[in-house]
Amino acid sequence: MRVARVWAACRVLTCWHAPLLDMARLHSAVVLALALSSLLTEIAADCDVVSKKQWDGLIPVHVSYLARPVSLVIVQHTVTPFCRTDAGCEELVRNIQTNHMEALQYWDIGPSFLVGGNGKVYEGSGWLHVGAHTYGYNSRSIGVAFIGNFNTDEPSGAMLEALRSLLRCGVERGHLAGDYRVVAHRQLIASESPGRKLYNQIRRWPEWLENVDSIKNA
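Counting from 1, residues in each chain are numbered in the order their sequence is written. Totals for whole chains, interfaces and linings use every residue, but because this is a predicted model, local features are given only for residues with pLDDT of at least 70 and side-chain atom pairs only at 80 or more, for both listing and counting. To obtain the side-chain values, all non-hydrogen atoms of the structure were included, while hydrogens and water were left out.

**Notes on unusual backbone geometry**
In this structure, the amide linkage connecting R68 to the following residue, P69, adopts the cis form with an omega of 5 degrees. Structurally, the position occupied by P69 is in the loop between α3 (52-55) and β1 (70-77). With an omega of 20 degrees, the peptide bond between S193 and P194 qualifies as cis. Along the chain, the position of P194 falls in the loop between β5 (176-184) and α6 (196-202). At V79, a position not held by glycine, the phi torsion is positive, near 55 degrees. Going along the chain from the N terminus, every DSSP run of H or I of four or more residues is numbered as a helix, and every run of E of two or more is numbered as a strand. If you trace the backbone, V79 turns up in the loop between β1 and α4 (86-103).

Following this line, the structure appears as structure tokens:
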């Protein structure tokens, strides 16, 4: 139907005779564009994450693409209520996206991914797109936000393993460099994020980077 409408409009503009706009080529171009869009959507939400389509997310108003593989993962928290059920986590992710896009005028939800108390990872800006999570570092990092306030909430083993699994998959799929490093939001900006309880956990990981001077000076 969309192909027919474009072709009809082209005829009205008397450009139907142009060789590059013949029906066969136009149809092929539209089919290719739709297939590419579908493929990019799948890539952005692979590694068993809950896709935007699944959590009923809004389409971004604009996108900018990350240079991959990415070598930096920034962990933060949302400072929102905690969630334990699929329905509760999806509602919170939708609310966060609405706040980011309408109140803060972001192109999309800020983090690349979000981790819920149900042990599931939710697609944010994803693997392919530049997020809006850490000013000055967005174009060279993946930002992962744990849903809750981890100054008071305790990150569960399922949440931590969900992130570890996501990062392993990211390396396997070529989204993350094999020697990627993990840092806390608070190391790069003036913030308590990702909260003391989560901060205490990720500092034990082998990918942890304690001294971030090399990142700040890059």
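**Focus: the sheet that holds strand β2 (residues 113-115)**
One open sheet accounts for five strands, arranged β3-β2-β4-β1-β5; its pairing is mixed. Of all strands in the sheet, those with a lone pairing partner are β3 (121-123) and β5, marking the two edges. Taking each pair of neighbouring strands and ignoring which way they run, the sheet shows an average axis angle of 25 degrees. A contact between two residues is defined here by any heavy atoms of the two lying within 4.5 Å. In this analysis, axes come from line fits to C-alpha atoms, helices being fitted only over the stretch in contact, and the angle between any two N-to-C directions falls in the range 0 to 180 degrees. Against the sheet, α4 engages β2 and β3, with an angle of about 35 degrees to β3. When DSSP locates at least two bridges between a pair of strands, those strands are taken to pair.

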